[in-house]
Amino acid sequence: MTHSAILAAAGLTPADLSGGTLAVRSPIDGAELALVRETDPAAMPAIIARAQTAFHAWREVPAPRRGELVRLLGEELRAAKTELGALVTLEVGKITSEGLGEVQEMIDICDFAVGLSRQLYGLTIASERPGHRMAETWLPMGPVGVISAFNFPVAVWSWNAALALVCGDPVIWKPSEKTPLTAIATMKIMDRALARFGDAPDGLCQLVIGGPEIGAALVASKAVPILSATGSTRMGGVVGPQVMARWGRPILELGGNNAMIVAPSADLDMAVRAIVFGAVGTAGQRCTSLRRLIAHHSIRADLVARLVKAYASLPVGDPRKAGTLIGPLVDTAARDRMLAQIAKAKAEGGIVHGGTPVTADVPQGAYVTPALVEMPVQTETVREETFAPILYVMGYDSLNEAIAIQNDVPQGLSSCIFTLNLREAETFLSAAGSDCGIANVNIGPSGAEIGGAFGGEKETGGGRESGSDAWKAYMRRQTSTVNYSAKLPLAQGVRFDV
Ligand code: NAD
C-alpha cells in the first residue's frame, strides 16, 4: 500500500493533511506525510472552558452509561484495527504486528473500563459514634489533560481516556508533535463512538496539536485538575512541579532503564528469547525496553555468545515487510544519540557488538543494527536511558550484588529475573528486591498487560495508569459521615457543651 492509501484508509482527508506548518515524516523512509495545522495557543482557554462545560454535564451521567460510550469506542476500534495499526506503522515505524498490538491494547483497556464503570466501589467504614454511618465515595474530578510520547502514539491516550471517561472526566489530548496523524485518526474513531452514543456533551474528548507550548497551556490551567504526562524524565521534571505548584494532580509516566538479572539456574533458551524481544523489539523504543543485562559470572560468556549469534540474524528493515523484526528509529537525531552513547560506553571500557547504521537494502530512514555492549561496571552512560536498541551487559557474583546493580539507576520502571530458584525469585520480589513499579519472574520487562497498574518509581515519576485501581487517580475521594441519631456526639470523646 502507498503512504497515501494508508492515510486515506485511516480516514485522513486532504484537509487533515495540509494547510498547516507541522511537518510529519514517516520514519520508514523520511517521506513527508503531511503539513498538519497546529492549535493556536490563543485558542487554549476556550478549549479548556469547553471541557469544563462538558464536565458539568458528564459528571451527572451514571457511570454504567458512561461505560457504554467506552464500549462503543472499543467496537469502533475493533472495526478500525487494521487501518489504525497500519498508520501507527507508517507514522512511528513499528513493525506491522506491533502496530496492530498497540491498537489491541486500546481495545483491551476499553473492555477493562466498561467493566470498571459498574465497579467504582467505595467503602463503608465503622463509625465510633452511635447512630452514625461513615462512607467513602469516589466522584468525578474534572478535565484530564493527556500529554503523550511518540512511541505509543495512541495506546497511552486510551489508557487515560477509557478510565477518565468512565470516571466522569472529559479529556483534552496533546499527542507528541511527531505523531499527530494517528491522533487525528483516533479522534475520528472516537467521534463515531460519540455519534452512536447520541447525547454526550460537546467538548468531552478534544485534541490539541502542537509542541511543548500547547502542552504548557494544559499544564498551567487550574481548570485541568489532572494532568497525565508521558515522556522523558526531562519533560516530567518540568511539568510535574508546575502542576503541583497550582495544586493540580500530575500522573507522570517517564523514562525507564530496565534490567534483567539472569541467574545460574535460568532457562537460558527462554532468557535469550525474552532478552532479544525486550531489547530490540520496537527498535528499543519502549519505555520498558530491556537496557541492562546483569548475568551471573558463571553463565555470562555463554549468554553473550548466544546473544551475539541471535543478534546477527535479526532482520532489520522496512517495518511493513513480513519477517522484519527491527524497523527504523524515529529519526536521525535518535540514531545519532545512539551512536554517541555507544562511543561513550566504549571509552568507558565497553566491548561493542553491533550498533552500526544500516543503509543497504533499506529505505531512507534511520536504520541500525542493535548493540550489545559488555561493560566492566555500571558507568554513568549505562545509568542514562538511551531511547534506542543498546543493551549493556554486566556480571555479578551474589544475588544481593545483582539487585544492588539493578536498583542503582535513577529510573524505576520495569525489571525482571530469570531463575528457577524459588528463593531467588521471591527475594527479587520482596521488600529487599527490585525497587521498580514492575518486577517479573521468567518474563522480560516489556509488554505489560492492561489488567495491572502500569508505572514506575523514582525518576519514572510514580504515576500509575491502566488496570488495578489506577482509576482512583481520575476521581476525587469523599469521606462522608451521616448522623441518623438525635444526639451530636463528638469524635474522640471530646466534650463541648453549649
Ligand atoms: P518527550 O519528553 O520528548 O515528549 C513527550 C511529550 O511531552 C510530547 O508530547 C511533548 O510535546 C511534550 N512536552 C515536552 N516538553 C514539554 C513541556 N515543557 N510542557 C508540556 N509538554 C511538553 O518524549 P518522547 O521522545 O516523545 O518519548 C520518549 C520518552 O518517553 C522516553 O523517555 C520514554 O521512556 C518515555 N515514555 C514513558 C512511558 C511510561 O509509561 N513510563 C511510556 C512511553 C514513553
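To start, this report covers the structure provided alongside it. Remember, predicted model here, so these are calculated numbers, not experimental data. (Residues numbered from 1 in each chain as written. Predicted model: local features only at pLDDT ≥ 70, side-chain atom pairs only at ≥ 80, totals over all residues.)

## A word on the overall build of the chain
Selection rule: Only runs of H or I of at least four residues qualify as helices and only runs of E of at least two qualify as strands under DSSP, and these elements are numbered from the N terminus. Here the radius of gyration uses the C-alpha set of atoms, whereas the globule reference equals 2.2 Å times the residue count to the power 0.38. The contact criterion used here is simple: two residues whose C-beta atoms, placed from the backbone, lie within 7 Å are in contact.
Looking only at helices and strands, the chain features 15 helices and 23 strands. A globule of 498 residues ought to have a C-alpha radius of gyration of about 23 Å, and the chain, at 24 Å, matches this closely. For the C-alpha atoms alone, the extent of the chain along its principal axes is close to 80 × 60 × 35 Å. In the chain, of all internal contacts separated by at least 6 residues, the share reaching a separation of at least 24 is 72%.

## A short note on the sheet that holds strand S9 (residues 249-253)
Let me state the cut-off plainly: What makes two strands pair is DSSP finding at least two bridges between them. What counts as an axis is a line fitted to C-alpha atoms, over the stretch in contact for a helix, and the angles between N-to-C directions run from 0 to 180 degrees.
Pairing in this open sheet of five strands is parallel, and the strands run S7-S6-S5-S8-S9 from one edge to the other. Of all strands in the sheet, those with a lone pairing partner are strand S7 (205-207) and S9, marking the two edges. Between one strand and the next, the sheet's axes are offset by a mean angle of 15°, whatever the strand orientation. In this structure, strand S5 (residues 144-147) lies alongside strand S8 (residues 226-230), joined through four bridges in parallel fashion. Within the sheet, the bridge partner assigned to Ile147 lies in S8 and is Ala229. Across the sheet, helix H9 (residues 233-245) lies against S8 and S9, angled at about 165° from S9, the strand it touches most.

## Some words on the nonpolar core
Quick reminder of the rule: Linking buried Ala, Val, Leu, Ile, Met, Phe, Trp, Tyr and Cys residues through C-beta atoms within 7 Å yields a set, and such a set is a nonpolar core. With C-beta atoms placed from the backbone, a residue is labelled by how many other C-beta atoms lie within 10 Å of its own: buried for 20 or more, exposed for 12 or fewer, partly exposed between the two.
The biggest cluster of nonpolar side chains holds 142 residues, and the ones touching the most others in it are Ala113, Ala162, Met260, Val262 and Tyr474. Residue contacts for Ala162: discarding those within four places in its chain leaves Val70, Ile109, Cys110 and Ala113.

## Re the site of the ligand
Our working definition: Any residue whose backbone-placed C-beta atom lies within 6 Å of a molecule or strand is treated as near that molecule or strand. Following the grouping adopted for this structure description, the nonpolar residues are Ala, Val, Leu, Ile, Met, Phe, Trp, Tyr, Cys and Pro, the charged ones are Asp, Glu, Lys and Arg, and the polar ones are all others, Gly among them.
Within the structure, the ligand sits among 29 residues, and Ala149, Gly215, Gly231, Glu253 and Cys287 are positioned closest to it. Within the residue set of the shell around the ligand, elements represented by two or more residues are helix H8 (212-220) and H9. Ranked by the residues each element gives to the shell around the ligand, the list is headed by H8, at four residues. Classifying every residue of the shell around the ligand by side-chain character gives 14 nonpolar, 11 polar and four charged.

## Examining the packing of helix H5 (residues 96-116) against helix H6 (residues 155-167)
Defined as follows: Throughout this description, any angle smaller than 35 degrees is read as roughly parallel, any larger than 145 degrees as roughly antiparallel, any in the 65 to 115 degree range as roughly perpendicular, and the remainder as oblique. With the far helix as reference, a near helix turned anticlockwise by less than a right angle produces a left-handed crossing, and one turned clockwise produces a right-handed crossing.
H6 packs onto H5 with a crossing angle of 15° between their chain directions and a minimal axis gap of 9 Å. One finds that H5 runs roughly parallel with respect to H6. The handedness of the crossing between H5 and H6 is right-handed. Contacts between H5 and H6 involve Glu102, Glu105, Met106, Ile109, Cys110, Ala113 and Leu116 from the former and Ala155, Ser158, Trp159, Ala162, Leu163 and Val166 from the latter. For the contact of H5 with H6, a count of residues per class yields 10 nonpolar, one polar and two charged.

## Remarks on the environment of Ala113
Mapped onto the elements of the fold, Ala113 is located in helix H5. When the C-alpha positions of Ala113 and Val70 are compared, they lie 7.1 Å apart, and in sequence the two are 43 residues distant. Excluding residues that lie within four positions of it along the chain, Ala113 makes contacts with Gly67, Val70, Ala162, Leu163 and Val166.

## Details of the pairing of strand S18 (residues 414-418)
Here is the rule: Seen with its strands pointing away from the viewer, a crossover is right-handed when the path leading from the first strand over the helix to the second is clockwise.
Counting buried residues along S18, five of its five residues qualify, which places the element largely inside the surrounding structure. Where burial is concerned, the two faces of S18 agree: the one with Ser414, Cys416 and Phe418 and the one with Ser415 and Ile417 are both buried. Summarising the sheet, strand S10 (residues 258-262) and S18 pair through four bridges and their orientation is parallel. Along S18, the bridge assignment pairs Val262 with Phe418. When S18 meets strand S19 (residues 438-441), the two strands line up parallel, connected through four bridges. Across the sheet, Ile417 pairs through a bridge with Val441, a residue of S19. Regarding the hand of the β-α-β motif, the stretch spanning S18, helix H15 (residues 422-429) and S19 is right-handed.

## Section: unusual backbone geometry
The phi angle at Ser466 is positive, at roughly 80°, despite the residue not being glycine. Within the secondary structure, Ser466 is located in strand S22 (residues 465-466).

## Remarks on helix H4 (residues 63-92)
Under the convention used in this document: Take the number of residues in a helix, subtract one, and multiply by 1.5 Å to get its expected span.
When the terminal C-alpha atoms of H4 are compared, their 35 Å separation across 30 residues is substantially less than the 44 Å that a helix rising 1.5 Å per residue should span. Of the residues flanking the end of H4, it is Gly93, one or two places downstream, whose phi is positive at about 90°.

## A few points about the environment of Val36
Tracing the backbone shows Val36 in strand S2 (residues 32-36). Under the C-beta neighbour-count criterion, Val36 is labelled buried, with 22 such atoms within 10 Å. In the structure, Val36 is positioned 14 residues away from Leu22 in sequence and 5.0 Å away in space, judged by C-alpha atoms. When sequence neighbours within four positions are dropped, the list of residues in contact with Val36 reads Gly20, Leu22, Val24, Pro180 and Ile209.

## Some words on the sheet that holds strand S23 (residues 475-483)
Strands sit in the order S3-S4-S23 across an open sheet of three strands; the sheet is antiparallel. Looking at strand neighbours, the two that pair on one side only are strand S3 (123-125) and S23, the edges of this open sheet. Between one strand axis and the next, the sheet turns by 25° as a mean value, whatever way the strands run. Pairing of S3 with strand S4 (residues 132-140), which is carried by three bridges, proceeds in the antiparallel orientation.

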